[in-house]
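Coordinates in review
Take a look at the letters that make up each chain.
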Amino acid sequence: MDTYTATKNRSDTLAAHVDTNPQDYRILTGDRPTGHLHLGHLFGTINERVRLQDRGVDTTIVIADYQVITDRDTTANVRDNVTSLVLDYLAAGIDPTKTTIFAQSAVPALNQLMLPFLSLVSEAELHRNPTVKAEAEASGRALSGLMLTYPVSQACDIAAFKGNLVPVGKDQLPHLELARTLTRRFNTRYATVFPEPQALLSDTPEVPGLDGRKMSKSYANTITLSATAEQTSAVIRKVPTDQDRTITFDPSTRPGISALLTTAALCLGVPTNALADQVGNGGAGALKVLAAEAVNDYLTGHRARRTQYANDPHLVADILADGNARANTIAEATLAEVRHAMGTTY
Ligand code: TRP
């Protein structure tokens, strides 16, 4: 059995235990505010966060603003992106009275944890992280010290909240493995302060981007949650397809057609093949009309709630002020335990 299959099996057993024992778990999860959230995020993680929150799992979401400058020189859009994230969380059903939402840069104790945690990892281990390698290559620039060490910072986010459950996508698994290693090493070297966090892998099939590649802002193939119905229909109309009027699901030879089928099927909760049969010989035009309707129907409620929240001028700032305060209290308490364990109390 390969490592991924083993991790997925462990995660499935874990998911069953979480369902029956939600009070045993603390979730720490987060997002990098590099742009607007899209349909891939909603199906991939956000809906699952809402489900776990409603199940009663203690949940904290870090908006990792410092992670934005791992591979870019500007923080120009960070503030707007943070606001956009919070609006989408709320519209999706994240309840700020149950879930703590905070900005990483507003909680100094996280960075106090960073130095002892950095001492627990070798430079070679940092360089081996496949996700960091891929991100550094994609950035086309020299590897920054922050890019190399942000997985340690992320481990500090998790550890500071004593998170023992982290819902992640496949690309975050190396980071979670590091968080497990660092908490274990800290506990062995000093005293048992941290639980070892476990990965909870999403069950939802990945939502492809509209060109069939991974849905990603850098490929300009996303359906953003903040777009209007008209903008969404326009984006869908422009998807490159082919001349064959018979609609079939074949991601390798018909990436656009197949991505439209997958997207519509997820929104409607039906199998892709059923949709392909339904459109039959109607051609790509008919499929696009159907897909746009499916996405827009699915997002109607989300958009209405998002607009309503966006019209309240204080809402996001109030939620963040409250979340930052709660996060500071928890992270400071953990830091006090860390200082005690290390004997650095003066
Ligand atoms: N790096 C994560 C991402 O790009 C975001 C993140 C920051 C995170 N801190 C975290 C995820 C802590 C899980 C736990 O998606």
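Located above this text is the structure these notes cover.
Presented here is a report on the structure given in the accompanying data block. (Residues numbered from 1 in each chain as written. Predicted model: local features only at pLDDT ≥ 70, side-chain atom pairs only at ≥ 80, totals over all residues. Heavy atoms only, no water.)

Quick look at the overall build of the protein chain
In plain terms, the rule: Counting from the N terminus, the helices are DSSP H or I runs at least four residues long and the strands are E runs at least two residues long. Each radius of gyration reported is based on C-alpha atoms, and the globular scaling rule is 2.2 Å times the count of residues to the power 0.38. Buried residues are those whose accessible area, probed at 1.4 Å on protein chains only, stays under 20% of the maximum for their type, while exposed residues exceed 50% and partly exposed ones sit between those limits. What sets the accessible areas is the Shrake-Rupley method with a 1.4 Å probe; for residues, cover comes only from the shown protein chains. Positive residues here are Lys and Arg, negative ones are Asp and Glu, while His and the chain termini are left out of the count. Where a charge lies is defined by one atom per residue type, namely NZ (Lys), CZ (Arg), CG (Asp) and CD (Glu).
Scanning the protein chain for helices and strands turns up 13 helices and five strands. Relative to the globule expectation of 20 Å for 346 residues, the C-alpha radius of gyration of the protein chain, 21 Å, shows essentially globular dimensions. Dimensions of the protein chain, computed from the C-alpha atoms along their principal axes, are close to 75 × 50 × 45 Å. Residue burial in the protein chain is summarised as follows: out of 346 residues, 48% are buried. Carbon and sulfur atoms make up 52% of the accessible area of the protein chain, which totals about 16,400 Å². One way to put it: in the protein chain the 32 positive side-chain charges average out to a point 2 Å from where the 37 negative ones average out.

Topic: the pairing of strand β4 (residues 165-168)
Quick reminder of the rule: A pair of strands is treated as paired once DSSP finds two or more bridges between them.
Burial of the side chains of β4 extends over both faces: L165 and P167 are buried on one face and V166 and V168 on the other. Where β4 and strand β5 (residues 198-201) come together, four bridges link them in parallel fashion. Within β5, the position partnered with L165 by the bridge is Q198.

Here we look at unusual backbone geometry
The backbone phi angle of K162 is positive, close to 50°, even though this residue is not glycine. One can find K162 in the loop between α7 (145-160) and β4. Residue K162 is classed as partly exposed on the basis of its relative accessible area of 23%. One non-glycine residue with positive phi stands out, namely A220, at about 50°.

With respect to the packing of α7 against helix α8 (residues 173-189)
Note the cut-off: Axes here mean lines fitted to C-alpha atoms, for a helix over just the part in contact, with angles spanning 0 to 180 degrees between N-to-C directions. Crossings are sorted by hand: turned counterclockwise from the far helix by less than a right angle, the near helix makes the crossing left-handed, and turned clockwise it makes it right-handed. Residue contacts follow a heavy-atom distance rule, with two residues in contact if any of their heavy atoms lie within 4.5 Å. By the convention adopted, Pro, Cys, Tyr, Trp, Phe, Met, Ile, Leu, Val and Ala count as nonpolar, Lys, Arg, Asp and Glu as charged, and the other residues, Gly among them, as polar.
The geometry of α7 relative to α8 is characterised by a closest axis approach of 9 Å and an angle of 65° between their N-to-C directions. As for the relative orientation of α7 and α8, their crossing is right-handed in sense. Contacts between α7 and α8 involve Y150, P151, V152, Q154, A155, I158 and A159 from the first element and H175, L176, L178, A179, L182 and T183 from the second. Of the residues assigned to the contact of α7 with α8, the class counts are ten nonpolar, three polar and no charged.

So, the nonpolar core
We apply this condition: Residues belong to a common nonpolar core when they are buried Ala, Val, Leu, Ile, Met, Phe, Trp, Tyr or Cys residues joined through side-chain atoms within 4.5 Å.
L39, I63, V86, Y89 and I101 are the most contacted members of the largest nonpolar core, which has 48 residues in total. If we skip the residues at most four places from it in the chain, I63 touches D31, P33, V82, L85, V86, Y89, I101, F102, A103, Q104 and L320. In this structure, L28, A155, A160 and F194 belong to the second largest nonpolar core, which totals 36 residues.

Some details on the site of the ligand
To keep things clear, this is the line we draw: Working definition: residue near molecule or strand if any one of its non-hydrogen atoms lies within 4 Å of it. Polar contact is the term for a pair of N or O atoms within 3.5 Å; when the atoms are in protein, one must be able to donate a hydrogen and the other to accept it, and sequence-neighboring residues count only if both atoms are side-chain atoms.
Lining the immediate surroundings of the ligand are L28, T29, G30, D31, V62, A64, Q67, Q154, D157, V166 and Q172. At 2.9 Å, a side-chain N or O of Q67 approaches a nitrogen atom of the ligand. For the ligand, a nitrogen atom lies 3.3 Å from a polar atom in the side chain of D157. Protein burial of the ligand: of its 370 Å² of free accessible surface, 87% is covered by the chains.

A few points about the packing of aromatic side chains
Heads up, the condition is: Pairing of aromatic rings covers Phe, Tyr and the six-membered ring of Trp, with a centre-to-centre limit of 6.5 Å; geometry is then stacked below 30 degrees between planes, edge-to-face above 60, and tilted otherwise. Criterion for a charge above a ring: Lys NZ or Arg CZ within 6 Å of the ring centre, and within 35 degrees of the ring normal.
If you walk through the whole model with that rule in mind, you get six aromatic pairs. Centre to centre, the rings of F117 and F194 are 5.5 Å apart; their planes meet at 90°, and the pair counts as edge-to-face. Taken as a pair, F117 in helix α4 (residues 108-118) and F194 in the loop between α8 and β5 lie far apart in primary sequence, 77 residues in all. Here F117 matches F194 in class, with each residue buried. Plain terms: the ring middles of F186 and Y190 are 4.8 Å apart, the flat faces sit at 45° to each other, and that makes the pair tilted. Y190 gets classed as partly exposed once you look at its relative accessible area, which sits at 28%. Following the ring pairs from residue to residue traces out a cluster consisting of F117, F186, Y190 and F194. A cation over an aromatic ring shows up here: K170 above the ring of Y4, its NZ or CZ 4.5 Å from the ring centre.

Let's talk about the environment of G212
Mapped onto the fold, G212 is located in the loop between β5 and α9 (229-237). Given a relative accessible area of 37%, G212 falls into the partly exposed group. If near-sequence neighbours (up to four positions away) are discounted, G212 is found in contact with P255 and A259.

Considerations on helix α10 (residues 255-268)
Operational definition: Each helix should span, by expectation, one fewer than its residue count multiplied by 1.5 Å.
Here α10 spans 20 Å end to end across 14 residues, near enough to the 20 Å set by a 1.5 Å rise per residue. Counting buried residues along α10, eleven of its 14 residues qualify, which places the element largely inside the surrounding structure. Of all the residues in α10, the buried ones are G256, I257, S258, A259, L260, L261, T262, T263, A264, A265 and C267. The inward-facing, buried residues of α10 contact α2 (39-55), α9, α11 (272-279) and α12 (283-310). Of the residues one or two after α10, G269 is the one with positive phi, at around 70°.

Quick notes on the pattern of salt bridges
What counts here: Any carboxyl oxygen of Asp or Glu that lies within 4 Å of a side-chain nitrogen of Lys or Arg is treated as forming a salt bridge with it.
All chains considered together, the criterion is met by 19 salt bridges. We note a salt bridge from R306 to D88, for which the minimum N-O separation is 2.7 Å. On the criterion of sequence distance, the pair formed by R306 in helix α12 and D88 in helix α3 (residues 78-92) is long-range, its members being 218 residues apart. Relative accessible area serves as the criterion here: at 12%, R306 is assigned to the buried category. Assessed through its relative accessible area of 1%, D88 is described here as buried.

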